[in-house]
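Coordinates in review
If you want the building blocks of each chain, they are given just below.
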Amino acid sequence: MVDRQVCMLYCLGMQIKHSTNAGPRERILARAVELFFKQGYHGTGINQIIKEAKVAKASFYDHFGSKENLAVAYLELLSDRRIDLLDRVASDYDDPFEKVMSIFEYLKEWAEDKHHIGCPFLNIASEFPLEDNRIRETVRTHKERQRHLIWQIVVQIYPDVDDRAHTVADTIHLLIEGATVENRVLHSVYPFELAQVSARKLLTQSKH
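Note that the structure is a prediction, hence the values are computed from the model and not measured.

**Concerning the pattern of salt bridges**
Taken as a whole and judged by the stated rule, the model has 11 salt bridges. A salt bridge links Glu-68 to Arg-134; its shortest N-O distance comes to 3.4 Å. Of the two residues, Glu-68 is situated in helix 5 (residues 67-90) and Arg-134 in helix 8 (residues 134-154); the sequence distance between them amounts to 66 residues. Residues joined in a network through salt bridges with shared partners are Arg-31, Glu-34, Lys-38 and Glu-52.

**Quick notes on the side chain of Gln-196**
Among the structural elements, Gln-196 can be located in helix 10 (residues 190-206). A distance of 2.8 Å separates polar atoms of two side chains, one belonging to Gln-196 and the other to Lys-108.

**Side note on the confidence of the model for the chain**
For the chain, per-residue confidence averages 87 on the pLDDT scale, and residues scoring 70 or more make up 87% of the total. At the low end of the mean pLDDT range in the chain sits helix 1 (residues 8-17), at 50; at the high end sits helix 4 (residues 57-63), at 96. Here residues 1-6 is a poorly scored stretch, pLDDT under 50, and it has 21 contacts once near neighbours within four places are set aside; other chains count.

**Here we look at unusual backbone geometry**
The backbone of Lys-54 shows a phi angle near 60°, a positive value even though the residue is not glycine. Examined against the element boundaries, Lys-54 turns out to sit in the loop between helix 3 (46-53) and helix 4. With a phi close to 55°, His-187 is a non-glycine residue in the positive phi region.

**Focus on the packing of helix 5 against helix 8**
Running from N to C, helix 5 and helix 8 cross one another at 10°; their axes reach a closest spacing of 9 Å. When the axis of helix 5 is compared with that of helix 8, the two are roughly parallel. Residues belonging to the contact of helix 5 with helix 8 are distributed by class as follows: 10 nonpolar, 5 polar and 7 charged.

**What about the nonpolar core?**
If you look at the biggest cluster of nonpolar residues, it comprises 62 residues, and the most contacted ones within it are Leu-70, Tyr-74, Ile-124, Val-154, Ile-172 and Leu-203. At the level of secondary structure, the elements contributing two or more residues to this core comprise helix 2 (24-39), helix 3, helix 5, helix 6 (96-112), helix 7 (120-125), helix 8, helix 9 (162-186) and helix 10. If one sorts the elements of this core by residue count, helix 5 sits on top with 12 residues.

**Overview of the side chain of Lys-67**
Mapped onto the secondary structure, Lys-67 falls in helix 5. Lacking a salt bridge, the buried Lys-67 has Glu-127 as its closest oppositely charged neighbour, with an N-O distance of 7.2 Å. Those residues in contact with Lys-67 that sit more than four places away from it in its chain are Phe-36, Tyr-41, His-42, Thr-44, Ile-46 and Phe-60.

**Structural notes on the packing of aromatic side chains**
The final tally for this structure, using the stated rule, is 6 aromatic pairs. Ring geometry for Phe-36 and Tyr-74: centres 5.3 Å apart, planes at 70°, overall edge-to-face. Remark: Tyr-74 occurs in helix 5 and Phe-36 occurs in helix 2; sequence separation between them is 38 residues. Accessibility assignment for this pair places Phe-36 and Tyr-74 in one class, buried. Between the aromatic rings of Phe-60 and Phe-64, the centroid separation amounts to 6.1 Å while the plane-to-plane angle is 40°, which identifies the pairing as tilted. With respect to burial, Phe-60 and Phe-64 carry one shared label: buried. Cluster of aromatic residues (ring-pair linked, three or more members): Phe-36, Tyr-41, Tyr-74 and Phe-128. Taking the ring centre of Tyr-41 as reference, the NZ or CZ of Lys-67 above it sits at 4.3 Å. One residue, Arg-82, lies across the ring of Trp-110, its end atom 4.6 Å from the ring centre.

**So, a nonpolar patch on the surface**
Side chains of Val-181, Val-185 and Leu-186 sit close together on the surface and give an oily, nonpolar patch of about 270 Å² of accessible area. The residue Val-185 is located in helix 9 in this model.

**Notes on helix 6**
Between its terminal C-alpha atoms helix 6 stretches 25 Å, which fits the 24 Å expected from 17 residues at 1.5 Å a residue. Here helix 6 lies mainly inside the structure; 13 of its 17 residues are buried.

Rules behind the numbers
- Residues numbered from 1 in each chain as written.
- Predicted model: local features only at pLDDT ≥ 70, side-chain atom pairs only at ≥ 80, totals over all residues.
- Heavy atoms only, no water.
- Salt bridge = Lys/Arg side-chain N within 4 Å of Asp/Glu carboxyl O.
- Helix = DSSP H or I, 4+ residues; strand = E, 2+ residues; numbered from the N terminus.
- Polar contact = N/O pair within 3.5 Å; in protein donor to acceptor, adjacent residues only side chain to side chain.
- pLDDT = per-residue confidence, 0-100.
- Contact = heavy atoms within 4.5 Å.
- Axes fitted to C-alpha atoms, helices over the stretch in contact; angles between N-to-C directions.
- Parallel < 35°, antiparallel > 145°, perpendicular 65-115°, else oblique.
- Nonpolar A, V, L, I, M, F, W, Y, C, P; charged D, E, K, R; others polar.
- Core = buried A, V, L, I, M, F, W, Y, C linked by side-chain atoms within 4.5 Å.
- Buried < 20%, exposed > 50% of the residue type's maximum accessible area, 1.4 Å probe, protein only.
- Lys, Arg positive; Asp, Glu negative; His and termini not counted.
- Phe/Tyr/Trp six-rings, centres within 6.5 Å; stacked < 30°, edge-to-face > 60°.
- Lys NZ or Arg CZ within 6 Å of the ring centre and 35° of its normal.
- Patch = residues over 30% accessible without salt bridge, like charges linked within 9 Å, V, L, I, M, F, W, Y side chains within 5 Å.
- Areas by Shrake-Rupley, 256 points an atom, 1.4 Å probe, with all protein chains shown as cover.
- Expected span 1.5 Å × (residues − 1).

In structure tokens form, the structure reads like this:
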């Protein structure tokens, strides 16, 4: 079984923070991982990040140039880790149906973790109402990557019916995203449990 990092952000932040080889850029990212998630983008100032990362202000601007650039780097790092983690969770199984179910099992564990306070991508996107924003665009790119990962699994169930694979994959992705939002509101794993039941029924019925 994959060693699942249930709370991706907390583990990632701690991993970078305590690395003996962490340079200024890595330390800045480590603080961004923790502070942006806990305090939000607008609630976190550059000076706080610089102070807690123990770097010079000039070093911050040399590596990132702006707070927005740092936020984009933060989201891209999380996206790479999240997609890799979901892919490794699914790779424990040969059956594509079980691959999908394993993703829901991971999400339920993620929702129950003591450090969990919602989806970092949705949290930061909610701070920016305008569409023409690099941060929101980075969030959309991540969600498309996640949708594509699900499609790559589902298409194995319907190799000769491409349209059906897209429709089912999109529906499962919507179940995941809807459960993620409802989990943030209710602070309960129940939305993911219900979403998993719905995904199971969808996949079972779509086979016929």
